[in-house]
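A closer look at the structure
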Amino acid sequence: MSESFDWAFPGLNQHQFISSANLLALRNGGQVEPACSLYDSDDDKEENDNLNDASDTGSVNTNHVQQISDSGHSKLKRKFLDCLAELAANDKGARFVACSGMREREDEVTLWISRNEGFRASDYGAFGRLGVLLGKLASTNGESQYAAEMWREMLTYYGSRLASTYIPNVRSSLKDCEYLFHGHQNDEFSPVRLRLLEFHKLVFETNSPDQALMDRQSVLATRAYELRMMKLVRELLQTSSHSTPRTKKLWEGICFLGRLRMAFETFNNIALNLPSFKKVTIIPVPREIATQKALPSPLNLEQTFDLLNVSLDASTVKKVIGQRWTVPKAKQSFGGLQKQKLNVHAEMQMILHLSKTEEMFDRLFPYFGCSKYSCFMCWHFLQAYSKIRTRGCHGRLFKPWSVPQVSGMTPGSPEKTSKALIQLQERLKKELKAEIKKGISQEKTSVVGGSSVFTNYDAGSARRKAEIERMRMKSEQDRVAEAFRR
C-alpha cells in the first residue's frame, strides 16, 4: 500500500522551514559554510590518480555478497556517475544541473538521471542509445566500432554546449595568455609550452571545407583532455611562479572543454572492467514534481525572528544577517525571497522518484553523481536521509528550496523524508542562532577538480593497464559470480 508525503508530520512546518532557509540565504550571500569536496583528502586525491588501481580490493571481504559488486571499483563508479551527470547537463544554467544514481546487480546495471528542469523528448532516445552502447562495449571487450559509435553519440548530445560555451571560453583565455606560449624560457615547462602553443594553433585555425563540425569538436575536446591529464600543464597554469588569474582561467577552460572526453574514457573504462555493464538501462527521471508556487501567506521578517526568540531591531538584524544590513533592507530582501517560487533540485527529484519505485536505498550504490557541487540544503538532507554522498558541497544556499507533496511512495518513505527534513530544519535554526562565521568566501558551484585526474598522461599505457587489470579482475569476478549462484 502506497503512502504520501506532506508537511503535516509532527514537528515539521513548511512555512517555518522556508522562512528559516530564506533568512539564512541573506547571510553572506547565502554562503553558509566553506565548500567541501569528496576529493579533499590526500587518500581521495591519490585514489583519483589511478582509477584502474584496484589495490583496495584487499580491504573488501568478497565472502559477503553485498560487498562483491564493489570489489575495488568504488572510485571508478563514483567517477562514472559524476561523468554521467555532467553529460546530462548538456546546456548552461541552473535548469540543466543533473544528478545520477546506480543500482548494480551481478549481470545488469540500472542508472537513473534527474535534472532540475527535467528532460526533453529527445533526451530519452539519446540515453537509451547510450545504455545499449555501454552494454555492447562490455560484451565485446571494448570493440572499437562501439567505442566510436558511443563517442559520436556523446558529441551529438553535448555538441551545442561545446560550441556555445566551452570552445569560445578557451579561445578567449588562450588569447589572453599568448605571452606565456611564446616565451623563450628554457625550464621544466618548455615541453608543455610547446603543447599549449600547438593547441592554440589548433583552436584558432580556420576550419577546412571538408571537416565536419562534429569532427572538429572531437579533435578539440580530445586535445583538451590530453592537456588536462598532464601534471606539468596544471602546474604551469595553476601553481607555478608563471601562474596568474588569466592562466588559472585558461586551466579551468581546458578542463571544461576536455570534460566530454573524460566522460568517454571513464565510460569505456567501466564497461571494460565491470561485467555487470553488459546490460545497462538508463532511466531519465520524469519531472512529475515541478517547481512549486510560493507559499501563500508567508511569514514576515518579524515572525521569522520570533522563531529564533529574537526581537527584530537594528542590532539583531546585524547579528543575525550581517553588519551591513538594516531593518528596511532586510525586510525588502526577505520579502522578495518569500514571494519566489520553490525549487526542487535534481538530488531531491532523485530521492523522491526512487522512493516511489520500491527501490531499497541499501541496494543502491551509496553515491549520487552530480554535474555541480551540491547546495547546502541538498547535501545536509542527503546526509540525514541515507548517508548518500556526492562529490562535494559548495556550502551555499540558493533560491527557495523545498520538497513538494508526493503520493505513491513506498511504506515508510514519507516518515523517513519528514524526519530528514526535521533534522535539516533544526540545522537551519542552529546556523541562524550561531555567530556569523568570518572569512568564508563565496564559492563557485561549478566543478573542475574532483573529476580531474592529474597524471603524466600516456594513452597507450593507460589502455594497457586497463586491459591487464580487466584480465586480472575477470578471474576474481568469475569466482564471485559463483558465490551468487550458490
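Scroll up to find the structure this text is about.
It should be emphasised that the depicted structure is a prediction, and the values quoted were computed from it without experimental measurement.

**Describing the overall build of the chain**
For the chain, the count of helices and strands is 19 helices and 8 strands. The buried share of the chain, reckoned over its 486 residues, is 53%. Of the contacts formed within the chain by residues at least 6 apart in sequence, a portion of 77% connects residues at least 24 apart. Accessible surface for the chain amounts to roughly 22,400 Å². Of this, 49% is attributable to carbon and sulfur atoms.

**A few points about empty space enclosed by the protein**
Tallied over the entire structure, the rule returns 4 cavities of 30 Å³ or more. Around the second largest cavity, the lining residues are Leu24, Arg27, Asn28, Gln31, Val32, Glu431, Ile436, Lys437 and Ile440. Of the residues belonging to the lining of the second largest cavity, the class tally is 4 nonpolar, 2 polar and 3 charged.

**Things to note about the pairing of strand S4 (residues 109–115)**
A regular strand places its side chains so that they alternate between the two faces of the sheet. Counting buried residues in S4 gives 7 out of 7 residues, a clear majority hidden from the surface. Where strand S3 (residues 98–104) and S4 come together, 7 bridges link them in antiparallel fashion. What sits directly across from Arg103, in S4, is Thr110. Linkage of S3 to S4, two consecutive antiparallel strands, is achieved through a turn of 4 residues. One ladder, built from 5 bridges, connects S4 with strand S5 (residues 280–284); its direction is parallel. From the neighbouring strand, Leu111 faces S5, where its bridge partner is Ile282.

**Things to note about the state of the cysteines**
In protein structure, a disulfide is the covalent linkage between the sulfur atoms of two cysteines. Per the stated rule, a full pass over the model turns up 0 disulfides. In this structure Cys378 is not part of a disulfide, and its nearest cysteine sulfur, from Cys375, lies 3.7 Å away. Cys36 supplies the cysteine sulfur nearest to Cys393, a cysteine that is in no disulfide, at a spacing of 5.1 Å.

**Details of the environment of Leu87**
Looking at the element boundaries, Leu87 is found in helix H4 (residues 74–88). Given the relative accessible area of 5%, Leu87 is considered buried. Distance in space between the C-alpha atoms of Leu87 and Phe264 is 9.6 Å, their sequence separation being 177 residues. Dropping the residues within four chain positions of it, Leu87 is found in contact with Phe127, Leu130, Met154, Tyr157, Tyr158, Leu260 and Phe267.

**Quick notes on unusual backbone geometry**
Across the chain, the bulk of peptide bonds are trans and the bulk of non-glycine residues have phi less than zero. Positioned with a positive phi, Asn28 is a non-glycine residue whose angle comes to about 50°. With respect to the helices, strands and loops of the structure, Asn28 is situated in the loop between helix H1 (14–26) and strand S2 (36–37). Owing to a relative accessible area of 31%, Asn28 belongs among the partly exposed residues under this scheme. Here the phi dihedral of Lys387 falls at roughly 60°; this positive angle occurs in a residue that is not glycine.

**Regarding the nonpolar core**
Judged by nonpolar contacts, the single largest core of 75 residues is most densely connected at Phe127 and Phe267. Here this core takes 13 residues from helix H6 (residues 144–176), the largest share from any one element. Once you skip the residues sitting within four places of it in the chain, Phe127 turns out to touch Leu84, Leu87, Ala88, Ile113, Phe119, Tyr157 and Ile282.

**Concerning helix H17 (residues 376–386)**
For H17, a buried count of 8 out of 11 residues is recorded, marking the element as mostly surrounded by other parts of the structure. Within H17, the full set of buried residues consists of Phe376, Met377, Cys378, Trp379, His380, Phe381, Leu382 and Tyr385. Of the surrounding secondary structure, the elements contacted by the buried residues of H17 are H1, S2, helix H16 (346–354), strand S7 (392–393) and helix H18 (413–433). Phi turns positive one or two residues past the end of H17, at Lys387, with a value near 60°.

**Considering the side chain of Ser276**
For Ser276, the position within the fold is in the loop between helix H12 (259–273) and S5. Overall, Ser276 belongs to the buried group, its relative accessible area being 4%. Engagement of the side chain of Ser276 in a polar contact is seen with the side chain of Glu104, the distance being 2.5 Å. Apart from residues no more than four positions distant in its own chain, Ser276 is found in contact with Glu104, Arg105, Glu106, Asp107, Glu108 and Val109.

**What to know about the packing of helix H10 (residues 231–239) against helix H11 (residues 245–257)**
When two helices pack together, their arrangement is given by the angle between their axes and by how far apart the axes lie. Axis separation between H10 and H11 bottoms out at 7 Å; the angle between their running directions is 140°. Our classification of the angle between H10 and H11 gives oblique. Of the residues in H11, those in contact with Val233, Arg234, Leu237 and Gln238 of H10 are Thr247, Lys248, Leu250, Trp251 and Ile254.

**Remarks on the pattern of salt bridges**
Applying the stated criterion to the full structure yields 17 salt bridges. Between Arg115 and Asp123 there is a salt bridge, with the nearest N and O atoms lying 2.8 Å from each other. Taken individually, Arg115 and Asp123 each receive the classification buried, so the pair is uniform in this respect. Arg261 serves as the salt-bridge partner of Glu265, at 3.2 Å between the closest nitrogen and oxygen. Pair noted here: Glu265 and Arg261 are both in helix H12, with a separation of 4 residues, about one helical turn.

**Observations regarding the pairing of S3**
Extensive coverage of S3 is indicated by the burial of 7 of its 7 residues. Burial along S3 is two-sided: the face carrying Ala98, Ser100, Met102 and Glu104 and the face carrying Cys99, Gly101 and Arg103 are both buried. Where S3 meets strand S6 (residues 369–370), 2 bridges bridge the pair, whose relative direction is antiparallel. Paired with Cys99 across the two strands is Cys370, which belongs to S6.

**Remarks on the packing of H6 against helix H8 (residues 190–204)**
At a minimum axis separation of 10 Å, H6 and H8 run at an interaxial angle of 130°. One way to sum up the angle between H6 and H8 is to call them oblique. Here H6 runs over H8; the crossing is left-handed. Along its contact with H6, which presents Val170, Arg171, Leu174 and Lys175, the element H8 presents Phe199, His200, Val203 and Phe204.

About the thresholds
- Residues numbered from 1 in each chain as written.
- Predicted model: local features only at pLDDT ≥ 70, side-chain atom pairs only at ≥ 80, totals over all residues.
- Heavy atoms only, no water.
- Helix = DSSP H or I, 4+ residues; strand = E, 2+ residues; numbered from the N terminus.
- Buried < 20%, exposed > 50% of the residue type's maximum accessible area, 1.4 Å probe, protein only.
- Contact = heavy atoms within 4.5 Å.
- Areas by Shrake-Rupley, 256 points an atom, 1.4 Å probe, with all protein chains shown as cover.
- 1 Å grid on protein atoms, 1.4 Å probe; cavity = no way out; pocket = protein on both sides within 12 Å on 5 of 7 lines; lining within 4 Å.
- Points joined across faces, edges and corners; volume = space filled by probe spheres on them.
- Nonpolar A, V, L, I, M, F, W, Y, C, P; charged D, E, K, R; others polar.
- Pairing = 2+ DSSP bridges.
- Disulfide = S-S within 2.5 Å.
- Core = buried A, V, L, I, M, F, W, Y, C linked by side-chain atoms within 4.5 Å.
- Polar contact = N/O pair within 3.5 Å; in protein donor to acceptor, adjacent residues only side chain to side chain.
- Axes fitted to C-alpha atoms, helices over the stretch in contact; angles between N-to-C directions.
- Parallel < 35°, antiparallel > 145°, perpendicular 65-115°, else oblique.
- Salt bridge = Lys/Arg side-chain N within 4 Å of Asp/Glu carboxyl O.
- Left-handed = near helix turned anticlockwise from the far one by under 90°.

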